[in-house]
Amino acid sequence: MAGPKMILPVTYEAGEDLSSSQWRVVVKGASGNLMALPAGANDDEALGVLQDRPASGSQGEVMKLGISPVIASQKVARGDPLEIGDASGGVKPLTSGVGSYLGTAEEDAEPGDQFNMFVNIVEFAGTGITWSSSSSSSSSSSSSSSSSSSST
C-alpha cells in the first residue's frame, strides 16, 4: 500500500486525546477550530482523515483532499463511496442520504483493515441522492428512478 498523497492538508487543534486515532475520520469539535472523533456512524461535519497522533490541545494535520490510509469499520469494496462508519472514525460504504460523503475506496478491505481511500469530503442532506460504486451500474438517478421501488 502506497503512503498518503496529500493535496489539501489542514491543521486543527485536537479537542480531545487523538493519539490513538491516526488514519481515522475526524469531525468539527465543540467550538472554534477544534477537531474530535465523530459521535457515531453517519455523523456530519467531517473535516477529513487525521494524519498524525495529536494529544488534546495539540495541533494535528487533517487531509481534506488526496489519497490517505483509513480504517474500515465494515467490509469495503474498491470503488465504494464511503461515509463515517462508527464513533472511532472508521469508514463504511455509504448507505444514508444525510451526513458526509468522505470519498472513494481505492481497494478492498475487511473490518479493522487499513486501506487507501481517495478523500474528497462532501456534506449532504435530503432525499433523492443516489450513490453507486464503480462496480455497479453507472446510470444516473433520473434514468433509474423506475428500476426499483421500495416503500419505507
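Residues numbered from 1 in each chain as written. Predicted model: local features only at pLDDT ≥ 70, side-chain atom pairs only at ≥ 80, totals over all residues. Heavy atoms only, no water.

Asker: Give me the pairing of strand β4 (residues 46-50): which residues, what numbers.
Answerer: Of all five residues in β4, five are buried; the element is thus mostly enclosed. Where strand β2 (residues 25-28) lies against β4, three bridges are found, and the strand directions are antiparallel. Residue pairing for β4: Val25 is matched across the bridge by Val49. Pairing of β4 with strand β5 (residues 59-71), which is carried by two bridges, proceeds in the antiparallel orientation. When the sheet's bridge partners are listed, Leu50 is paired in β5 with Val62. (Buried < 20%, exposed > 50% of the residue type's maximum accessible area, 1.4 Å probe, protein only. Helix = DSSP H or I, 4+ residues; strand = E, 2+ residues; numbered from the N terminus. Pairing = 2+ DSSP bridges.)

Asker: Could you give an account of the environment of Ser88, with specific residues and numbers?
Answerer: Checked against the element boundaries, Ser88 lands in the loop between β6 (81-84) and β7 (91-93). On a C-alpha basis, the gap between Ser88 and Ala39 in space is 8.5 Å, while along the polypeptide they are 49 residues apart. At 2.9 Å, the side chain of Ser88 and the side chain of Arg24 are in polar contact. (Polar contact = N/O pair within 3.5 Å; in protein donor to acceptor, adjacent residues only side chain to side chain.)

Asker: Before we move on, could you go through the pattern of salt bridges and cite the residues and values that matter?
Answerer: As enumerated under the stated definition, the model contains three salt bridges in all. Linking Glu110 and Lys75 is a salt bridge whose minimum nitrogen-to-oxygen distance equals 3.9 Å. Linking Glu110 in the loop between β8 (99-105) and β9 (114-124) with Lys75 in the loop between β5 and β6, this pair joins segments that are 35 residues apart in sequence. Looking at Glu110, the relative accessible area reads 41%, which means it is partly exposed. Salt-bridge contacts for Lys92 lead to Glu83; the nearest nitrogen and oxygen are separated by 3.6 Å. Lys92 gets classed as buried once you look at its relative accessible area, which sits at 9%. Judged by its relative accessible area of 0%, Glu83 is buried. (Salt bridge = Lys/Arg side-chain N within 4 Å of Asp/Glu carboxyl O.)

Asker: Can you tell me about the pairing of β6, naming the residues and giving the values?
Answerer: By the bridge criterion, three bridges tie β6 to β7 in an arrangement that is antiparallel. Bridged to Ile84 within β7 is Val91.

Asker: Quick rundown of the confidence of the model for the protein? Include the residues and the values.
Answerer: Overall, the prediction assigns the protein a mean pLDDT of 83, with 76% of residues at 70 or greater. Ignoring residues within four places in sequence, the model shows residues 135-152, a span with pLDDT below 50, making four contacts including any to other chains. (pLDDT = per-residue confidence, 0-100. Contact = heavy atoms within 4.5 Å.)

Asker: Report on the side chain of Gln22, specifying residues and quantitative values.
Answerer: Among the secondary structure elements, Gln22 is positioned in the loop between β1 (5-14) and β2. For Gln22, the side chain forms a polar contact with the main-chain oxygen of Gln51, separated by 2.8 Å. Here Arg53 takes part through its side chain, which lies 2.9 Å from a polar atom of the side chain of Gln22. Each residue touching Gln22, except ones within four places of it in the same chain, is listed here: Leu50, Gln51, Asp52 and Arg53.

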